[in-house]
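What follows is the residue order along each chain.
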Amino acid sequence: MTAALRFRDLTLGYDRHPAVHHLDGAVADGALLALVGPNGAGKSTLLKGIVGLLRPLAGAIDHGVAPSEVAYLPQIAEIDRSFPISVYDLVAMGLWRRAGLGGRIGKSERDTIERAIATVGLPGFEGRAIGTLSGGQMQRALFARLLLQDAKLILLDEPFASLDAGTVADLLDLIRRWHAEARTIIAVLHDYEVVRQRFPETLLLARSPVAWGPTGEVLRPENLLRARRMCEAFDDHAAVCEEHAA
Amino acid sequence: METLYDIFIAPFAEFEFMRRALVGVLALSFGAAPIGVFLMLRRMSLTGDAMQHAILPGAALGFLIAGFDLFAMTLGGILAGSAVAIGAGVVARATELKEDASLAAFYLVSLALGVLIVSVRGSNVDLLHILFGSVLALDDATLILLAAFATVTLGALAVIWRPLVLECVDPGFLRSVSRTGAPSHIVFLALVVLNLVGGFHALGTLLAVGIMMLPAIAARFWAADLTRMIVLSVVLAFVSGVGGLLVSYHFAAPSGPAIILVAGVIYAGSLALGPVGGLRRRFVPGRHLEA
């Protein structure tokens, strides 16, 4: 089995403080991996590291897929929803790799965009400004953008935060479809029920990895308790880490 | 009784300096207003203000060396504006200070320096001329310069349009698919400087930003769509220019302030009557809809 990603003693962080500490392991091609852990456990940081927005403090990430085949869904709070742009244009951004600065958006591209909007259940919303969408509709639009990106590796940062059950179910169906198409998916999640039901593999992170493997084994109470304790130990005056020092 | 022709057409038909001023504000509208829209949407409305003060010492140095020379003052303005934009950006990234604080520090120093330099050689009249411009005295070279700036602005905006919009809406996504974010931001800042320098020749360093921001902010109250907002901002900027020139002609008022005041009246009207997020929706919501 080839790996979509391989972490080699990876440490990511901000201003020398590690947010992800000494992570080793591989994400298999076509994996459906849930990334769970308490707040501040480094889940978003790990995704940023994978996308390349953050450079490792130590260690490395080996990519089995080209950077152009990675799609990244940031937390929704990072988007300026007051900007006057339509749902159609927001979704169309998913074609960036193909269209870039000046590439033409022709008939076939327009068809793809409209199909994606229909797939996520937003037909009729094309001309609406994104500021008028509800949280669920906005997330649907962002999933339509992911559809257009047509990526081999899909990274989702809290895709279901504050969404209702119906929307979550629809979006989970999209994720299942991507999984069936052999795409690799890593999703940051907080709802253990969803993880248990839909994600075969889980990485429990509390800055350092706590457990990584089949979901049923990872999400045991003793692991979750350990993760919570580990995350409470942030120290402004921490000494230089000597573990695995080369 | 004055006819409409006397009020609206005759000033331009009879006097060449009015026609020149008309061409000048048309060129300014095409360049500055779209830039203003992006400044507003990026919450940088006051950045334009700070950067235009920063242009003063550059233009003043040009004036000190060469007098009222178009090339020297333009070059000085562009260099000083770029230096402050880059300087404030670098300080903001290298230190704990946020960009607005750095800009404030840089532009206050620049403004004081600029006034000092002008008064070393020129008179108070020269200073007024530099601070408030001379839209009624635009010569051929200046008009060509303004038209060139507008052309460059529209061309460059067309090229960086997609990354610029994306960086406003969803910077994290843009960084994940492309490295064009930072370069397009720099090009954008360069366009801001370019248009402020252009505006400086017509409206002076204190009012140039008025034709950039006021029509853009007014357009926000009428359009919920970026393209329409930009087209409307250009139209409103031009209407302000024409209206201000006519006011200045009929009432013998200084032209630069007249243009900005007309833009201000348009802004106030848009604030009160505009359908998108204005006061009208707040106080006269109308009966609610079915769905």
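The structure we're discussing is the one just above.
In this convention, every chain numbers its residues from 1, walking through the sequence in written order. Working convention: letters from A go to chains and numbers from 1 go to ligands, in the order in which they are written. Reporting in this predicted model follows two pLDDT cut-offs: at least 70 for local features of residues, and 80 or more for side-chain atom pairs to be given and counted; totals over whole chains, interfaces and linings ignore these cut-offs and use all residues. In computing side-chain values, all of the structure's heavy atoms are included and hydrogens and water are not.

What follows covers helix H4 (residues 70-94) of chain B. A rise of 1.5 Å per residue sets the reference length of H4 of chain B, with its 25 residues, at 36 Å; its end C-alpha atoms lie 36 Å apart and thus fit the reference within 8%. By the N-cap criterion, in which a side-chain oxygen at the helix start approaches the backbone nitrogen of a residue two or three places on, H4 of chain B is capped by aspartate 69 of chain B, the distance to phenylalanine 71 of chain B being 3.3 Å. Helix and strand definitions here come from DSSP, where helices need a minimum of 4 consecutive H or I residues and strands a minimum of 2 consecutive E residues; each element is numbered from the N-terminal end. What a helix should span is 1.5 Å times the count of its residues minus one. N or O atoms within 3.5 Å of each other form a polar contact, as long as, within protein, one can give a hydrogen and the other can take it, and as long as residues adjacent in sequence are counted only when both atoms are side-chain atoms.

All names here are of chain A. Note on pairing: DSSP must find at least two bridges between two strands before they are called paired. The 3 strands are arranged E2-E1-E4 in an open sheet whose pairing can be described as antiparallel. Every interior strand has two partners, whereas the edge strands, strand E2 (17-28) and strand E4 (58-63), have only one. Neighbour-to-neighbour, the strand axes of the sheet open up by a mean angle of 15°, direction not taken into account. When strand E1 (residues 3-14) meets E4, the two strands line up antiparallel, connected through 5 bridges. Angles shown run from 0 to 180 degrees and are taken between the N-to-C directions of axes, each axis being a line fitted to C-alpha atoms and, for helices, limited to the stretch in contact.

To continue, consider the interface of chain A and chain B. How big an interface is tends to be stated in terms of the accessible area lost upon association of its parts. We call two residues contacting when some pair of their heavy atoms lies within 4.5 Å. Taken together, the contact between chain A and chain B spans 26 residues of the former and 24 residues of the latter. Take the accessible area each of two parts loses on contact, using a 1.4 Å probe, and add the two losses: that sum is the buried area. Summing the contributions of chain A and of chain B, the shared interface buries around 2100 Å²; its carbon and sulfur component is 62%. When the buried surface of chain A facing chain B is broken down by residue, Phe83, Pro84 and Trp96 of chain A rank first, second and third, together holding 33% of it. For this document, the term salt bridge refers to a Lys or Arg side-chain nitrogen within 4 Å of an Asp or Glu carboxyl oxygen. If you look at where chain A meets chain B, you find 2 salt bridges. Between aspartate 170 of chain B and arginine 145 of chain A there is a salt bridge, with its nearest N and O atoms 2.8 Å apart. Between the two partners, chain A and chain B, sit 8 residue pairs in polar contact (both at pLDDT 80 or more). Here the residues of the side of chain A that touches chain B sort into 16 nonpolar, 6 polar and 4 charged. Throughout, the ten residues Ala, Val, Leu, Ile, Met, Phe, Trp, Tyr, Cys and Pro are labelled nonpolar, Asp, Glu, Lys and Arg are labelled charged, and all others, Gly among them, are labelled polar.

Another aspect to go through is the packing of aromatic side chains. When two rings of Phe, Tyr or Trp (its six-membered ring) have centres within 6.5 Å they constitute a pair, described as stacked for plane angles under 30 degrees, edge-to-face for angles over 60, and tilted for the intermediate range. What the rule picks out here adds up to 7 aromatic pairs over all chains. Where phenylalanine 15 of chain B meets tyrosine 249 of chain B, the ring centres are 5.8 Å apart and the plane angle is 50°; that geometry is what we call tilted. In this pair, phenylalanine 15 of chain B is assigned in the loop between helix H1 (4-14) and helix H2 (16-41) and tyrosine 249 of chain B in helix H10 (residues 226-250), connecting sequence segments 234 residues apart. Here the aromatic cluster, defined as three or more aromatic residues joined through ring pairs, consists of Phe15, Phe17 and Tyr249 of chain B. One Lys or Arg, arginine 145 of chain A, reaches over the ring of phenylalanine 173 of chain B and ends 3.7 Å from the middle of that ring. The ring of phenylalanine 188 of chain B carries arginine 42 of chain B above its face, with NZ or CZ at 5.4 Å from the centroid. Criterion for a charge above a ring: Lys NZ or Arg CZ within 6 Å of the ring centre, and within 35 degrees of the ring normal.

As a further point, take the side chain of arginine 42 of chain B. All names here are of chain B. Mapped onto the secondary structure, arginine 42 falls in the loop between H2 and helix H3 (45-66). Among the polar contacts listed, one links the side chain of arginine 42 to the side chain of histidine 185, at a separation of 3.0 Å. Excluding residues within four positions of it along the chain, arginine 42 makes contact with Leu164, Glu167, Cys168, His185 and Phe188.

Here we come to the packing of helix H5 (residues 135-149) of chain A against helix H6 (residues 165-180) of chain A. Each pair of packed helices can be described by the angle between their axes along with the distance between the axes. Residues and elements named next belong to chain A. Interhelical geometry of H5 versus H6 gives an angle of 10° and a closest axis separation of 10 Å. As summarised for this structure, H5 and H6 are arranged roughly parallel, according to the angle between their axes. Across the interface between the two elements, Gly136, Gln139, Arg140, Phe143, Leu146 and Leu147 of H5 pack against Gly166, Thr167, Asp170, Leu171, Leu174, Ile175, Arg177 and Trp178 of H6. Looking at the contact of H5 with H6, its residues break down into 7 nonpolar, 4 polar and 3 charged. Here is the rule for angles: anything less than 35 degrees is roughly parallel, anything more than 145 is roughly antiparallel, 65 through 115 is roughly perpendicular, and the remaining ranges are oblique.

All names here are of chain A. The strand order across the open sheet formed by 6 strands is E5-E6-E7-E3-E8-E9, and the pairing between neighbours is mixed. Of all the strands in the sheet, just strand E5 (70-73) and strand E9 (208-214) have a single pairing partner and so form its edges. Neighbour-to-neighbour, the strand axes of the sheet open up by a mean angle of 15°, direction not taken into account. Relative to E9, strand E8 (residues 201-206) runs antiparallel, the two sharing 6 bridges. Of the residues in E9, the one forming a bridge with glutamate 201 is proline 214. Against the sheet, H6 makes contact with strand E3 (32-36), strand E6 (153-157) and strand E7 (184-188), and its axis sits at roughly 150° relative to E7, the strand it touches most.

What follows deals with the environment of glycine 124 of chain A. Residues and elements named next belong to chain A. Position of glycine 124 relative to the elements: it lies in the loop between helix H4 (107-119) and H5. Look at glycine 124 and you get exposed, because its relative accessible area is 67%. Glycine 124 sits 10 residues away from glutamate 114 along the chain, and the two C-alpha atoms are 9.9 Å apart. Each residue gets one of three labels from its accessible area relative to the maximum for its type: buried under 20%, exposed over 50%, partly exposed in between, using a 1.4 Å probe on protein chains only.

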